[in-house]
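Now for the letters of each chain:
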Amino acid sequence: MMIATLEGTPASITIACTFDIINFEEVIISNGDAATIPDTILETLNIITIGTMRGIMFTGFRGTWLHNSILPVIDPKFFKQGATPAL
């Protein structure tokens, strides 16, 4: 994620979240080169990742001009292919 500062110099925050699914073979269905992840699992992982990212961003912005930025809550269902946000 690139963030432009007031001076025009970009800043960045890199965030990576990894998860350990204990019963992976039972939950994730392998289809050769692709895998099928149940919607409930995918949404849960997205919720955790988005929440973690918002917390890291809030902490990283402390003391900068972005400190009081509004970090919107994002519905993880919008990440599903073909989904459109309800207005």
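None of the values given here were measured: they were computed from a predicted structure.

Draft legend 1. Structural detail: the overall build of the protein chain. A count of helices and strands for the protein chain gives two helices and four strands. From first element to last, N terminus to C terminus, the protein chain shows the α and β order β-β-α-β-β-α. Looking at the 87 residues of the protein chain, the share that counts as buried comes to 13%. Summarising the internal contacts of the protein chain: among those between residues at least 6 apart in sequence, 43% fall at separations of at least 24.

Draft legend 2. Just the environment of G55, in detail. One can find G55 in helix α2 (residues 39–61). Judged by relative accessible area, G55 falls into the partly exposed class, the value being 37%. Separated by 16 residues in sequence, G55 and L71 have C-alpha atoms that sit 9.5 Å apart.

Draft legend 3. Quick look at α2. If you check α2, its first and last C-alpha atoms are 32 Å apart, about what 23 residues at 1.5 Å a residue would give, namely 33 Å. Phi turns positive, to about 85 degrees, at G63, one or two residues after α2.

Draft legend 4. How the structure looks around a nonpolar patch on the surface. Judged by side-chain polarity, I74, F78 and F79 come together as a nonpolar surface patch covering roughly 280 Å² of accessible area. Here F78 shows up in the segment after α2. Of the residues examined, F78 reaches a relative accessible area of 36% and is grouped as partly exposed.

Rules of the game
- Residues numbered from 1 in each chain as written.
- Predicted model: local features only at pLDDT ≥ 70, side-chain atom pairs only at ≥ 80, totals over all residues.
- Heavy atoms only, no water.
- Helix = DSSP H or I, 4+ residues; strand = E, 2+ residues; numbered from the N terminus.
- Buried < 20%, exposed > 50% of the residue type's maximum accessible area, 1.4 Å probe, protein only.
- Contact = heavy atoms within 4.5 Å.
- Expected span 1.5 Å × (residues − 1).
- Patch = residues over 30% accessible without salt bridge, like charges linked within 9 Å, V, L, I, M, F, W, Y side chains within 5 Å.
- Areas by Shrake-Rupley, 256 points an atom, 1.4 Å probe, with all protein chains shown as cover.
- Salt bridge = Lys/Arg side-chain N within 4 Å of Asp/Glu carboxyl O.

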